[in-house]
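Report on the structure
For reference, the chains in residue letters:
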Amino acid sequence: MAEGDSITKAAGKSSDMAHTRAHVFVSGRVQGVYYRATTRERAQDQGVNGWVRNLDDGRVEAVFEGPDADVEAMVEFCHEGSERANVTDVEVEFEEPEGISGFEVRW
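Remember, it's a predicted structure, so these values are computed and weren't measured experimentally. (Residues numbered from 1 in each chain as written. Predicted model: local features only at pLDDT ≥ 70, side-chain atom pairs only at ≥ 80, totals over all residues. Heavy atoms only, no water.)

**Observations regarding the overall build of the protein**
- The number of helices and strands found in the protein is two helices and six strands.
- The order of helices and strands in the protein, counted from the N terminus, is β-β-α-β-β-α-β-β.
- Residue pairs in contact within the protein that sit at least 24 positions apart in sequence constitute 80% of those at least 6 positions apart.
- Only carbon and sulfur atoms are counted for the fraction: they give 43% of the accessible area of the protein, which is about 6,000 Å². (Helix = DSSP H or I, 4+ residues; strand = E, 2+ residues; numbered from the N terminus. Contact = heavy atoms within 4.5 Å. Areas by Shrake-Rupley, 256 points an atom, 1.4 Å probe, with all protein chains shown as cover.)

Following this line, the structure appears as structure tokens:
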């Protein structure tokens, strides 16, 4: 995990659960650099469900749902993002999955 990252595990998460949900906030130069499109492509390749969107404060917000290892891979991807991005911080909260299907860029 990179310096400056913060991770919060949801209370009561069952250790025998095969799926998880990560709610991610990414800071840095992450808008206007194909971060959302690259995240969508990677999530689809990884077989992860969820969504990604720009926030008014300049960050990118994303939700990933799927098998633990695949969601963890997406969280790690968020530390670098697209080729033109410059990520300075990634905040992650692990939550109970909500059953999202597919992956989309939200506006």
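Read on for the rest.
**Notes on the environment of H23**
- Inspection of the secondary structure puts H23 in strand β2 (residues 19-29).
- Overall, the relative accessible area of 15% leaves H23 in the buried class.
- Separated by 39 residues in sequence, H23 and A62 place their C-alpha atoms 6.0 Å apart.
- Looking at H23, its side chain comes within polar contact range of the side chain of E95, at 3.5 Å. (Buried < 20%, exposed > 50% of the residue type's maximum accessible area, 1.4 Å probe, protein only. Polar contact = N/O pair within 3.5 Å; in protein donor to acceptor, adjacent residues only side chain to side chain.)

**Some remarks on the nonpolar core**
- Grouped together as the largest cluster of nonpolar side chains are 24 residues, with contacts concentrated most on V24, V26, Y35 and F64.
- At the level of elements, β2, α1 (35-46), β4 (60-67), α2 (68-78), β5 (86-95) and β6 (103-105) are the ones that each hand at least two residues to this core.
- The element that contributes the greatest number of residues to this core is α2, accounting for five residues.
- Discounting chain neighbours no more than four positions away, the residues touching V24 are V60, E61, A62, F64, V75, C78, V90, E91 and V92. (Core = buried A, V, L, I, M, F, W, Y, C linked by side-chain atoms within 4.5 Å.)

**So, the pairing of strand β3 (residues 49-54)**
- Taken together, the six bridges between β3 and β4 define a ladder with antiparallel strand orientation. Across the sheet, the residue bridging to N49 is E65, located in β4.
- What sits between the antiparallel neighbours β3 and β4 is a turn of five residues, in which G58 has the positive phi angle 95 degrees. (Pairing = 2+ DSSP bridges.)

**Some details on the pattern of salt bridges**
- A complete count under the given rule lists six salt bridges for this structure.
- Residues R21 and E65 are paired through a salt bridge, measuring 2.6 Å at the closest nitrogen-oxygen approach. With R21 in strand β2 and E65 in strand β4, this pair connects stretches of sequence that are 44 residues apart.
- Taking the relative accessible area as the measure of exposure, E65 reaches 3% and is therefore buried. (Salt bridge = Lys/Arg side-chain N within 4 Å of Asp/Glu carboxyl O.)

**Observations regarding the confidence of the model for the protein**
- Taken over all residues, the pLDDT of the protein has a mean of 89, while the share at 70 or more is 84%.
- Residue range residues 6-17 is modelled with pLDDT below 50. Its contacts to residues more than four positions away, or to other chains, number 19 contacts. (pLDDT = per-residue confidence, 0-100.)

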